[in-house]
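# Tertiary structure, described
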Amino acid sequence: MRKLLLFFAICFLYTSSSSAQEPFDKKLVLKQMMLANDYFMQKWPEVGKTIVTNKERPSNIWTRGVYYEGLMALYEIYPKETYYNYAYDWSEFHKWGFRNGSANRNADDYCAAQTYIDLYNLEPDSKKLKSTRATMNMLLNTPQLDDWSWIDAIQMGMPVFAKMGVLEKDNRYFEKMYQMYMYSRDKHGDHGLYNPKDGLWWRDADFDPPYKEPNGEDCYWSRGNGWVIAALAKVLTIIPENAPHREQYVKDLKAMSEALVKVQRADGFWNVSLHDPTNFGEKETSGTALFVYGMAYGVNSGILKKETYLPVIQKAWNAMIKESLHENGFLGFLQSTGKEPKDGQPLSYDKIPDFEDYGLGCFLLAGSEIYKMK
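Residues numbered from 1 in each chain as written. Predicted model: local features only at pLDDT ≥ 70, side-chain atom pairs only at ≥ 80, totals over all residues. Heavy atoms only, no water.

### Thoughts on the overall build of the protein chain
Across its full length, the protein chain carries 14 helices and 6 strands. The C-alpha radius of gyration of the protein chain comes to 20 Å, within 12% of the 21 Å expected for a compact globule of 374 residues. When the backbone C-alpha atoms are referred to their principal axes, the protein chain occupies close to 70 × 50 × 45 Å. Burial status across the protein chain gives 59% buried among its 374 residues. Within the protein chain, contacts between residues separated by at least 24 positions form 71% of all contacts whose residues are at least 6 apart in sequence. Working note: accessible area of the protein chain is about 15,900 Å², and carbon and sulfur atoms make up 53% of it. (Helix = DSSP H or I, 4+ residues; strand = E, 2+ residues; numbered from the N terminus. Rg over C-alpha atoms; globule rule 2.2 N^0.38 Å. Buried < 20%, exposed > 50% of the residue type's maximum accessible area, 1.4 Å probe, protein only. Contact = heavy atoms within 4.5 Å. Areas by Shrake-Rupley, 256 points an atom, 1.4 Å probe, with all protein chains shown as cover.)

Next up, the structure:
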């Protein structure tokens, strides 16, 4: 009995000292994630309710797909049945399908498949992946590589390939994913959408040189770059360690992280325009959250040095909690939909963006990775 008590005492001391060294209060992080998510679920109790802004859209568009991606990340660390049901009911309402059907090359539309696959993995049922398999087989077996002509699409579509490759145990998905990613990286526009000199991405061919910001710098949109680093992090969490081309994704995540550290604001956020603080250069939450997610994954996986990136992550997360997260869970300083720094302006603490869902998804992704930090 005494040996057993001594064992428990040692375990208590070990866990106490370990928790004291943890960079974040995990209970508090989870509480903050739940606060933001509960606000949204209470505001949108009907999963199939259409989204009305300048026009009416179904609730399985990319903005909601990104939200559910974040919700599933929250469910992974805190498997509350309410979260599962909310995602399952949404999928059921849309018959596990896409906005414009299965013969669909638009990554914005098949973004929803990320959640469909997650739910299938929890409880396999062929109906859940009927549309996903049809769409992905079409993409896999047709020669086009240029679908992702805007960098947001990398995040919408790339993880679906990764998940299907693992699920089907089929490296063809990994190969096609790599080919499409590299086409966006090196061939779209004049010389690709990635600038290795700056370690950042132009949103699409409209913004590569000679396009310039007013201060003469290249235009690097915060959330656009956030989509890419989030896609790299997400794919690296999914594919096996020996998956082909993994080193390319690691290399690009490291290069982006190095570039982003240099332009973090003093308050912890990142500007909407990363290289021109005078052109809509105010703080912005969705891009900041995506950068936190990518870097936190990098630290957790050993890709990024903890001593360099942990202070950056802490500063950014604390800034979002202090200056973006309201007491009721609403997130401020979220840029509305668009494709460049000027869209959806001006931003403020109280301004409601045209869609509230994708920014929350980004925030939940960031929080879920922070929760895993040791």
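So, next bit.
### Structural notes on empty space enclosed by the protein
Per the stated rule, a full pass over the model turns up 1 cavity of 30 Å³ or more. Considering only enclosed or pocket space, the largest cavity measures out at about 70 Å³ in volume. Lining of the largest cavity is provided by Ala36, Tyr39, Phe40, Gly329, Phe330, Leu331, Leu334, Pro353, Glu356 and Leu360. The element contributing the most residues to the lining of the largest cavity is helix H2 (residues 26-43), with 3 residues. Taken together, the residues of the lining of the largest cavity sort by class into 8 nonpolar, 1 polar and 1 charged. (1 Å grid on protein atoms, 1.4 Å probe; cavity = no way out; pocket = protein on both sides within 12 Å on 5 of 7 lines; lining within 4 Å. Points joined across faces, edges and corners; volume = space filled by probe spheres on them. Nonpolar A, V, L, I, M, F, W, Y, C, P; charged D, E, K, R; others polar.)

### Overview of the pattern of salt bridges
Two side chains of opposite charge can pair, provided their charged atoms sit close to one another. This model, assessed by the stated rule, comprises 25 salt bridges. Measuring nitrogen to oxygen at the nearest pair gives 2.7 Å for the salt bridge that ties Arg133 to Glu168. Of the two residues, Arg133 is situated in helix H7 (residues 130-140) and Glu168 in helix H8 (residues 152-168); the sequence distance between them amounts to 35 residues. A salt bridge links Lys283 to Glu323, with the shortest nitrogen-to-oxygen separation between them at 2.3 Å. You can see Lys283 sitting in strand S6 (residues 283-284) and its partner Glu323 sitting in helix H13 (residues 306-323), a full 40 residues away along the chain. Side by side, Lys283 and Glu323 carry an identical accessibility label, which is buried. (Salt bridge = Lys/Arg side-chain N within 4 Å of Asp/Glu carboxyl O.)

### Brief notes about the side chain of Arg64
Checked against the element boundaries, Arg64 lands in helix H3 (residues 62-77). Since its relative accessible area comes to 2%, Arg64 is described here as buried. With residues near it in sequence (within four places) discarded, Arg64 still touches Phe40, Trp44, Ile51, Ser59, Trp90 and Asp357.

### Focus: helix H9 (residues 171-186)
Along its 16 residues, H9 runs 22 Å from first to last C-alpha, staying within 8% of the 22 Å computed at 1.5 Å per residue. Here H9 has its buried residues at Tyr173, Phe174, Lys176, Met177, Met180, Tyr181, Met182, Ser184 and Arg185. Of the surrounding secondary structure, the elements contacted by the buried residues of H9 are H7, H8, strand S3 (194-195), strand S4 (200-201), helix H10 (222-238) and helix H11 (246-262). (Expected span 1.5 Å × (residues − 1).)

### Some points on the packing of H3 against helix H6 (residues 113-122)
Between two packed helices, both the angle of their axes relative to each other and the distance between the axes serve to describe the pair. Between H3 and H6, the shortest axis-to-axis distance is 8 Å and the interhelical angle comes to 30 degrees. What the angle tells us is that H3 and H6 run roughly parallel. Contact with H3, carried on its side by Gly65, Tyr68, Glu69, Met72 and Tyr75, involves Gln114, Thr115, Asp118, Leu119 and Leu122 of H6 and no other residues of that element. Within the contact of H3 with H6, the residues separate by chemical class into 5 nonpolar, 3 polar and 2 charged. (Axes fitted to C-alpha atoms, helices over the stretch in contact; angles between N-to-C directions. Parallel < 35°, antiparallel > 145°, perpendicular 65-115°, else oblique.)

### A closer look at the packing of H2 against helix H14 (residues 357-371)
Interaxial distance between H2 and H14 falls to 10 Å at its minimum, and their mutual angle equals 165 degrees. Here H2 is positioned roughly antiparallel relative to H14, judged by the angle of their axes. Between H2 and H14 lies a crossing whose hand is left-handed. From H2, Lys26, Val29, Leu30, Gln32, Met33, Ala36, Asn37 and Phe40 reach across to H14, where they touch Asp357, Leu360, Phe363, Leu364, Gly367, Ser368, Ile370 and Tyr371. (Left-handed = near helix turned anticlockwise from the far one by under 90°.)

What is shown is where atoms sit, not what they do.
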